[in-house]
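Structural features, examined
Below are the chains, spelled out letter by letter.
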Amino acid sequence: MPAFPATRMRRNRQTDWSRRLVRENSLSVDDLIWPIFVVEGQGVVEAVPSMPGVARLSIDVAVERVAEAASLGIPAVAVFPVLDPALKTEGGERAWDPDNLVCRAVRAIKASSPQVGVICDVALDPFTSHGQDGIVRDGVILNDETLTALRLQAVCQAAAGCDVVAPSDMMDGRIGAVRAALDAANLQNTQILSYAAKYASAFYGPFRDAVGSKAALGAADKRTYQMDPGNVQEALREVQLDLDEGADMVMVKPGMPYLDVVRAVSGLGAPTFAYQVSGEYSMMHAAAQQGWLDLRRVRDESLLAFKRAGAQAVLSYFAVDVARDLAAGR
Ligand code: PBG
């Protein structure tokens, strides 16, 4: 490339049409997965104070909102149940009750919007009294005992009509265990989205408020199973293991602070998703409320960054807002 003045990088940037032509990455509605929180009741829309614009929805309301998301072209939703603390147990047994909140939500959503992909977390934390993702004995999160529970939970969700089960628990061997359990139950077509590189992050704080696992968890943490934020080689090993065990898609989580991990993982060639987690969403809202950031612009820029880093799709609480703006050509 000749040097200045023969080369002027600004030449291609001087007009909108030219900037559009040379743009390397863009965000479309096809890239978005919308996470939602469901609660018991009828007509319930319960705001989550630490997540402006996000609410816990009863199933009837969730069905309406998902239909709207579908009409905007959003390909898939991720459903998270918020359980009454009285229903939570040491062993999280309600996770594999076919009539639990999440299974009822999945059935209702699929009945009303069959064209929308429904994704469910496979992890015990919404269902355990201690808020951990696995079975605990003497303060230790038991790996292999947890796998037994996860197999039951995944089959239960898939049988309810969930299209994609998404193990988010970070136990070893869970993808192979869940795949084998699904296949044995004649659910060969249920996809697995592995939360393959999931870090022990402080950015999950508002999510834990939303599902009520923060109170349950107290001062405990998840560092014996979620990854250390200092590691990237380990993320590649985690992802490779999950792909070898049968994951159809893999995820990196959180998102924006881990774009280097997204880049590295996407290089393995499997469909790679990123989760723009609750803390990322809330901090943008908080700064915008102060008048310090332009919400729509930081939102769009942060989502585009995932595409640039190599992600095929992004889970984002902004999904519907973005889809609305894209549909309106904004
Ligand atoms: C549960 C789970 C968490 C999130 C998704 N699934 C929280 C955690 O691991 O404690 C976080 C999502 C978010 O912060 O938006 N296994």
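Everything in this summary refers to the structure shown in the same document. (Residues numbered from 1 in each chain as written. Predicted model: local features only at pLDDT ≥ 70, side-chain atom pairs only at ≥ 80, totals over all residues. Heavy atoms only, no water.)

Focus: the overall build of the protein
For the record, the criterion: Helix and strand assignments follow DSSP, with helices taken as H or I runs no shorter than four residues and strands as E runs no shorter than two, numbered in order from the N terminus. Note on method: radius of gyration uses C-alpha positions; expected globular size equals 2.2 Å times residues raised to 0.38. The contact criterion used is simple: two residues touch if any of their non-hydrogen atoms lie within 4.5 Å. Computed with a 1.4 Å probe, the accessible areas rest on the Shrake-Rupley method; for each residue, only the protein chains presented here act as cover. Residues scored as charged are limited to Lys and Arg (positive) and Asp and Glu (negative), so that His and the chain ends carry no count. All charge positions are set by atom: Lys at NZ, Arg at CZ, Asp at CG, Glu at CD.
When its secondary structure is counted, the protein shows 12 helices and 12 strands. In terms of overall dimensions, the protein is globule-like: its C-alpha atoms have a radius of gyration of 20 Å, near the 20 Å expected for 330 residues. Over its C-alpha atoms, taken along the principal directions, the protein stretches across nearly 70 × 45 × 40 Å. Residue pairs in contact within the protein that sit at least 24 positions apart in sequence constitute 74% of those at least 6 positions apart. In the structure as shown, the protein presents an accessible area of about 14,800 Å², 52% of it carried by carbon and sulfur atoms. Of the side-chain charges in the protein, 33 are positive and 40 negative, and the distance between the mean point of each set is 10 Å.

Here's the deal with the nonpolar core
The test is simple: Within this scheme, the nonpolar core is defined by two criteria: the residues are buried Ala, Val, Leu, Ile, Met, Phe, Trp, Tyr or Cys, and they are joined through side-chain atoms within 4.5 Å. The cut-offs for exposure are 20% and 50% of the maximum accessible area for each residue type, with area from a 1.4 Å probe on protein chains only; residues under the lower value are buried, those over the upper are exposed, and the others partly exposed.
Within the largest apolar cluster, 109 residues are counted, with the highest numbers of intra-cluster contacts made by Phe 37, Val 79 and Tyr 275. Apart from the residues within four sequence positions on either side, Val 79 is in contact with Ile 36, Val 38, Val 102, Ala 105, Ile 109, Val 118, Ile 119, Cys 120 and Asp 121.

Quick notes on the site of the ligand
Going by this rule: Here, proximity means that at least one heavy atom of the residue falls within 4 Å of the molecule or strand. Any pair of nitrogen or oxygen atoms within 3.5 Å is treated as a polar contact; in protein, a donor-acceptor pairing is required on top of that, and neighbouring residues in sequence qualify only through side-chain atoms on both sides. Cavities and pockets were defined on a 1 Å grid built over protein atoms only: a cavity is a set of grid points that admits a 1.4 Å probe from which the probe cannot escape, a pocket is an open set flanked by protein on both sides within 12 Å along at least five of seven lines, and lining residues are those with an atom within 4 Å of any such point. Those molecules having more than half of their atoms within 2 Å of a cavity or pocket grid point set are described as sitting in that cavity or pocket. Three residue categories are used. Nonpolar comprises Ala, Val, Leu, Ile, Met, Phe, Trp, Tyr, Cys and Pro, charged comprises Asp, Glu, Lys and Arg, and polar comprises the others, including Gly.
The full set close to the ligand counts 18 residues, and Arg 208, Lys 222, Lys 253, Ser 278 and Tyr 317 are the nearest of them. One nitrogen or oxygen atom from the side chain of Arg 208 is found 2.7 Å from an oxygen atom belonging to the ligand. Within the side chain of Tyr 317, a nitrogen or oxygen atom sits 2.6 Å from an oxygen atom of the ligand. A total of 400 Å² of accessible area belongs to the ligand in isolation, and the protein chains cover 100% of it. Using a 2 Å cut-off from the grid points, one finds that the ligand occupies the largest cavity. Its residues assigned to classes, the shell around the ligand comprises 8 nonpolar, 3 polar and 7 charged.

Re empty space enclosed by the protein
To be explicit about the condition: Grid points are joined across faces, edges and corners, and a volume is the space filled by probe spheres set on the points.
Evaluated as defined, the whole model comprises 2 cavities of 30 Å³ or more. Here the largest cavity is characterised by a volume of approximately 120 Å³. Lining the largest cavity are 15 residues; nearest its centre among them are Lys 198, Tyr 204, Phe 207, Arg 208 and Lys 253. By residue class, the composition of the lining of the largest cavity is 5 nonpolar, 4 polar and 6 charged. Estimated volume of the second largest cavity: approximately 50 Å³.

A closer look at the layout of surface pockets
Approximately 300 Å³ is the volume found for the largest pocket. What lines the largest pocket is a set of 13 residues, among which Leu 27, Asp 300, Glu 301, Leu 304 and Leu 326 lie closest to the centre. Going through the elements one at a time, helix 11 (295-309) and helix 12 (319-327) are the ones with two or more residues in the lining of the largest pocket. Top contributing element to the lining of the largest pocket by residue count: helix 11, with 5 residues. Classifying every residue of the lining of the largest pocket gives 4 nonpolar, 2 polar and 7 charged. The calculated volume of the second largest pocket comes to roughly 260 Å³. Contributing to the lining of the second largest pocket are 15 residues, with Trp 34, Gly 53, Val 54, Arg 65 and Val 320 lying nearest its centre. Among the secondary structure elements, those contributing two or more residues to the lining of the second largest pocket are strand 1 (32-39), strand 3 (55-58), helix 2 (59-71) and helix 12.

Observations regarding the side chain of Ser 213
Residue position: Ser 213 is located in helix 7 (residues 213-217). Not counting residues up to four positions away in its chain, the partners in contact with Ser 213 are Lys 88, Asp 125, Gly 131 and Arg 208.

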